[in-house]
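Residues per chain, in single letters:
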Amino acid sequence: MAKSNQILTLALLLSLLVTSAIGNEKPRGVTYDGRSLIVNGNRELFFSGSIHYPRSPPEMWPDIIRKAKKGGINLIQTYVFWNIHEPVQGQFNFEGDFDIVKFIKEIAKQDMYVTLRIGPYIEAEWSSGGFPYWLREIKNITFRSYNEPFVYHMKKYAEMIIELMKKEKLFAPQGGPIILAQIENEYNNVQAAYKENGKKYIEWAANMALELYNGVPWIMCKQKDAPPSVINACNGRHCADTFTGPNGPNKPSLWTENWTAQYRTFGDPPSQRSAEDLAFSVARFFAKNGTLTNYYMYHGGTNFGRSSSSFVTTRYYDEAPLDEFGLMRDPKWSHLRDLHRALRLSRRALLWGTPTVQKINEDLEITVYENTGTDPMCAAFLTNNHTKLPSNITFRGADYYLPEKSVSILADCKTVVYNTQTVVSQHNSRNFVPSEKAKNLEWEMYQEKVPTINDLALKNKEPLELYSFTKDKSDYAWYSTSINLNRRDLPMRPDILPILEIASMGHALAAFVNGEYVGFGHGNNIEKSFVFRKPVVLKPGTNDITLLAGIVGYPNSGAYMEKRFAGPRGVILQGLMAGTLDITLNVWGQEVGVFGEKEQLFTEEGTKKVKWTSVSGPPPGHVTWYKTYFDAPEGTDPVALRMDHMQKGMMWVNGKSLGRYWVSFLSPLGQPTQSEYHVPRAFLKPKNNLLVVFEETGGHPESIEIATVNRDTICSMITEYHPPNVKYWERSGGKFRAVVEDLKTGAHLTCPDDNVIEKVEFASYGDPDGACGNFYTGNCTSPNSIKIAEKYCLGKHTCSIPVERDIFDEPNKDPCPNIFKTLAVQVKCVVPKKN
């Protein structure tokens, strides 16, 4: 009996211990209400960044994620790219560059969360919006509609991805980092085109997603009528003002795409968005009950291979906080980092305080989040919406200066810790430095044979449509026909030539007559179709007319994507003695791809299959392959090809495609949209790297330059009225306090990596202007400016220069005592010399 009581007592104690442990354990999983997401029982502010795993090699992932975290990002958003994972129906690839599981685990390793946008339609300026080509050929299919073939394949794919995530335990309730998932993408843009099947489809998609997995919330972006089971979110530049809000009282305000600039297509001028405008939009959103913003993109990366959609450049979102090469673009990266810190200093009030809004006038607004109970907390946003005029505002007995179009954040309702328009963080400038180890390239060439109809096995009455003909296996297709003319068919006057006219549905083509290059024509992102017209020399007898038609990516947006078309649709000869001759239905020989692709001349083995000749004199230009070898450039900085004097084609290094180049497509500014092309260090060997270029229309490979890329030119531009850096404050134990004694503004410079400041390239204390890399003095500057900057900074990894008049000039020697002063400094960082 005593033994039995001992067992009973032991069991009771064990039960109490288990109950106690369960009672103390935080709830797992992700929920939400009208205020915020709730992860593992905790509310949080989320600063998210889009980073896409296929747009950078795996070797770059850890560093990119680390820099994002250092910039205040705690959530990474990525799409899942169906067409790279199932390029052939039923054949899957999750290896190497496409190892999404490895990517997500790296994010988890760095203690960050993940939003998984499974689509499966993603847009993303990605070929076919992520849909694999084979899906287009499914009988009776209509993409993104309540269409039986489409919903069958969509569910099958979504289920496969969800099961993979569950198997790897990557969802938050399993202890993984995925806290949000997205189904579909910006469907409101096309929903009306599908009428009733559009509404049925979006409801089906939401239900299907919840059936597959309900452990994390599902979202739909730009979906005003999102079903009750999913959260509708905003995409755009200014969601604080354009978002009508969640379509349910218990859904939080989420911003899935805050565009950090804009993707670019070939022929576009530069796309820019200032750090100040970005910061303004985010501060406004958080002032209006937002608790999650995602920067699209935070790192854009590179569209390797043939992955970009129609006319989209190989470089993607280079204006993001981390540029194409993974380097921190300041002040965008650092100004947003400071914003995230300011908002985190206000976190408790934002998540648990009660908001009130006071409209002073049409432009001025005060938003306060406050709790005056036993646990008092307060944070305020002072907003000036006027785009041109600064203003003063009085708040709780104190006066505050607000620059134009700005928000000041008062983390304790007293202290301005951050203003969106006032950049106190450093700036930098990107430099391309010609490599010493990879110069004096020796080029060899191999010219493609221009085929005739007799060389092409496939014959068809008219040119086949380009998308369905190439089946996403190549950008290129040959079309050739022949026509017999006699002397009387040709113009009699020597100053008159026949005209070859080709109506094309896009995207580009090069034309040849009797093996001679005639010219090149193309459309653009807005109007893919074009008409090619060139005079041609014809001869009595047989004339061969050959076209190399090309696409620049498959379409990625809009309704009925599966019904888009490209390629030549009408070919005529004008100016013959008998008038115009339509040769569209003349019977054409046709073939997908060019010879060099099939033989893989861009690989080491492939180069041995043809005879290469040395490039001497002007190269032939059109449809020509060029190859050379180079050693890996010195140092560890990223590497780029400068293609300034090439025209259009593709590039490979050691068999890996660097993507498309198109330098000859000039923007309205008369400049190429993209001249430099990323060569990841991960693609390189220490010696003898094979570089192969396929040039379609002309160009001079001797001008190709291999360069390293850095942001070692760093700058600061600070005024006397700039607030101190937000890093000077902290919140500890619920208390807000300064962490330094001297709360003065100053220029703060920090070199990348372990580099040190070698030289002060510019310094002016007065009224300088310009931007980093292009500063200039104004009407007034202290003659001591450079000397003072050198005193504080030379030889140091990091330095601070106080913005104080008596440091730069004695009171009676100030050249302009009656103006507000600005300090602009530019320094050059270098790798420190070893002792």
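By the naming in an unreviewed UniProt entry, the protein is Beta-galactosidase, taken from Anisodus tanguticus. Quoted verbatim from the Sequence similarities (unreviewed entry) field of UniProt, the annotation for the protein is "Belongs to the glycosyl hydrolase 35 family." Reading the Subcellular location (unreviewed entry) entry of the UniProt record for the protein gives the comment "Secreted, Extracellular space, Apoplast".

Draft legend 1. How the structure looks around the sheet that holds strand 29 (residues 579-582). Strand order in the open sheet made by the four strands is 26-23-28-29, with antiparallel pairing throughout. Strands at the two margins of the open sheet, each flanked by one partner only, are strand 26 (530-535) and strand 29. Averaged over all pairs of adjacent strands, the angle between strand axes in this sheet comes to 20°, irrespective of strand direction.

Draft legend 2. Layout of helix 15 (residues 785-793). What helix 15 keeps buried is the set S785, I788, A789 and C793. Take helix 15 and look down its axis: the buried residues cluster within an arc of 110°, on one side only. Those residues of helix 15 that are exposed and aimed more than 90 degrees away from the buried face are K787 and K791. Of the surrounding elements, those touching the buried residues of helix 15 are strand 41 (746-750), strand 42 (756-766), strand 45 (798-802), helix 16 (805-808) and strand 46 (822-830).

Draft legend 3. Representation of the packing of helix 9 (residues 275-287) against helix 10 (residues 332-345). Where helix 9 meets helix 10, the closest approach of the two axes is 9 Å, and the angle between their N-to-C directions is 20°. Between helix 9 and helix 10, the interaxial angle falls into the category roughly parallel. Crossing hand, helix 9 versus helix 10: right-handed. In contact with A275, E276, L278, A279, V282, A283 and F286 of helix 9, helix 10 contributes K332, H335, L336, L339 and L343. For the contact of helix 9 with helix 10, the residue count by class is nine nonpolar, one polar and two charged.

Draft legend 4. Seen up close, the pattern of salt bridges. Taken as a whole and assessed by the stated rule, the structure comprises 49 salt bridges. A salt bridge links E676 to R642, with the shortest nitrogen-to-oxygen separation between them at 3.8 Å. Taken together, the residues span a long stretch of sequence, with E676 in strand 36 (residues 676-679) and R642 in strand 33 (residues 639-642) at a distance of 34 residues. We note a salt bridge from E730 to R737, for which the minimum N-O separation is 2.3 Å.

Draft legend 5. Layout of the sheet that holds strand 14 (residues 377-384). Reading across the sheet, the five strands line up as 12-13-14-17-18 and stay open at both edges, with antiparallel pairing between neighbours. Strands at the two margins of the open sheet, each flanked by one partner only, are strand 12 (354-359) and strand 18 (416-419). Each strand axis lies, on average, 15° off the axis of its neighbour in the sheet, ignoring direction. As judged from the six bridges shared by strand 12 and strand 13 (residues 364-371), these two strands associate in the antiparallel manner. When the bridges of strand 13 are listed, P355 appears paired with Y369. In the packing of helix 9 onto the sheet, contacts are made with strand 13, strand 14, strand 17 (406-410) and strand 18, and the angle to strand 14 comes to roughly 130°.

Draft legend 6. Structural view of the UniProt feature "domain: SUEL-type lectin" (unreviewed entry) in the protein. If you check UniProt for "domain: SUEL-type lectin" (unreviewed entry), the listed places come out as residues 747-830 in our numbering. Along residues 747-830, the helical share is 15% and the strand share 42%, with 19 Å between the first and last C-alpha atoms.

Draft legend 7. Region of the structure containing unusual backbone geometry. That bond from Y296 to M297 is cis: its omega, -5°, falls within 30 degrees of zero. Relative to the helices and strands, M297 resides in strand 11 (residues 290-299). In this structure, H507 follows G506 across a cis peptide bond, with omega equal to -5°. Structurally, the position occupied by H507 is in the loop between strand 23 (499-504) and strand 24 (508-513). Positive phi is not limited to glycine here, since R144 has a value of about 55°. As for its placement among the helices and strands, R144 is situated in the loop between helix 5 (133-136) and helix 6 (148-167). Since its relative accessible area comes to 2%, R144 is described here as buried. For V623, which is not glycine, the phi torsion reads 35° and is therefore positive. Inspection of the secondary structure puts V623 in strand 32 (residues 622-630).

Draft legend 8. Highlighting the packing of aromatic side chains. Counted according to the given criterion, the structure contains 50 aromatic pairs. Relative to F131, the ring of Y121 has its centre 5.9 Å away and its plane inclined at 35°; by these criteria the two rings are tilted. Residue Y121 is found in the loop between strand 6 (113-119) and helix 5, and its partner F131 is found in the loop between strand 6 and helix 5; the two are separated by 10 residues along the sequence. We note that Y121, like F131, is buried.

Draft legend 9. Examining the environment of N586 more closely. Residue placement: N586 occurs in the loop between strand 29 and strand 30 (588-592). Along the sequence, N586 and I483 sit 103 residues apart, while their C-alpha atoms lie 8.2 Å from each other. Once residues lying within four places of it in the same chain are set aside, the contact partners of N586 are K461, T481 and S482. Here the side chain of N586 touches S482 through a polar contact of 2.8 Å, landing on its backbone oxygen.

Draft legend 10. Structural context of the nonpolar core. Membership of the largest hydrophobic core comes to 123 residues, with the highest contact counts inside it found for I100, M165, L339, L343 and V417. The element contributing the most residues to this core is helix 6, with nine residues. Sequence-distant contacts of L343, that is, excluding residues within four places in its chain, are made with L45, F47, V282, F286, L350, F381 and I409. Counting 53 residues, the second largest nonpolar core, distinct from the first, contains Y446, V450, V653 and L658.

Draft legend 11. Layout of the state of the cysteines. Tallying each qualifying case throughout the model produces six disulfides. The disulfide bridge from C234 ends at C239, spanning 2.0 Å between sulfur atoms. Here C234 and C239 share a disulfide; its torsion about the S-S bond, -85°, makes the bridge left-handed. For the pair C234 and C239, one class covers both residues: buried. Disulfide partner of C793: C799, at an S-S distance of 2.0 Å. Because the sign of the S-S torsion sets the handedness, a value of about 80° for the bond joining C793 and C799 places this disulfide among the right-handed ones. Classification of C793 as buried rests on a relative accessible area of 0%. In the protein, the bonded cysteines, taken in the order they occur along the sequence, pair up as 1-2, 3-4, 5-7, 6-12, 8-11, 9-10.

Draft legend 12. Quick look at the environment of Y401. As for its placement among the helices and strands, Y401 is situated in strand 16 (residues 398-402). We classify Y401 as partly exposed; its relative accessible area is 40%.

Draft legend 13. How the structure looks around the pairing of strand 7 (residues 178-183). The element strand 7 is largely enclosed, with a buried count of six among its six residues. Relative to strand 7, strand 6 runs parallel, the two sharing five bridges. Note that in strand 7 the partner of T115 across the bridge is L180. In this fold, strand 7 hands off to helix 7 (residues 196-212), which returns the chain to strand 8 (residues 218-221); that crossover is right-handed.

Reading the values: the criteria
- Residues numbered from 1 in each chain as written.
- Predicted model: local features only at pLDDT ≥ 70, side-chain atom pairs only at ≥ 80, totals over all residues.
- Heavy atoms only, no water.
- UniProt positions renumbered as here; feature names shortened; annotations may be inferred.
- Pairing = 2+ DSSP bridges.
- Helix = DSSP H or I, 4+ residues; strand = E, 2+ residues; numbered from the N terminus.
- Axes fitted to C-alpha atoms, helices over the stretch in contact; angles between N-to-C directions.
- Buried < 20%, exposed > 50% of the residue type's maximum accessible area, 1.4 Å probe, protein only.
- Arc of directions from axis to C-beta.
- Contact = heavy atoms within 4.5 Å.
- Parallel < 35°, antiparallel > 145°, perpendicular 65-115°, else oblique.
- Left-handed = near helix turned anticlockwise from the far one by under 90°.
- Nonpolar A, V, L, I, M, F, W, Y, C, P; charged D, E, K, R; others polar.
- Salt bridge = Lys/Arg side-chain N within 4 Å of Asp/Glu carboxyl O.
- Phe/Tyr/Trp six-rings, centres within 6.5 Å; stacked < 30°, edge-to-face > 60°.
- Polar contact = N/O pair within 3.5 Å; in protein donor to acceptor, adjacent residues only side chain to side chain.
- Core = buried A, V, L, I, M, F, W, Y, C linked by side-chain atoms within 4.5 Å.
- Disulfide = S-S within 2.5 Å.
- Right-handed = clockwise from strand over helix to strand, strands pointing away.

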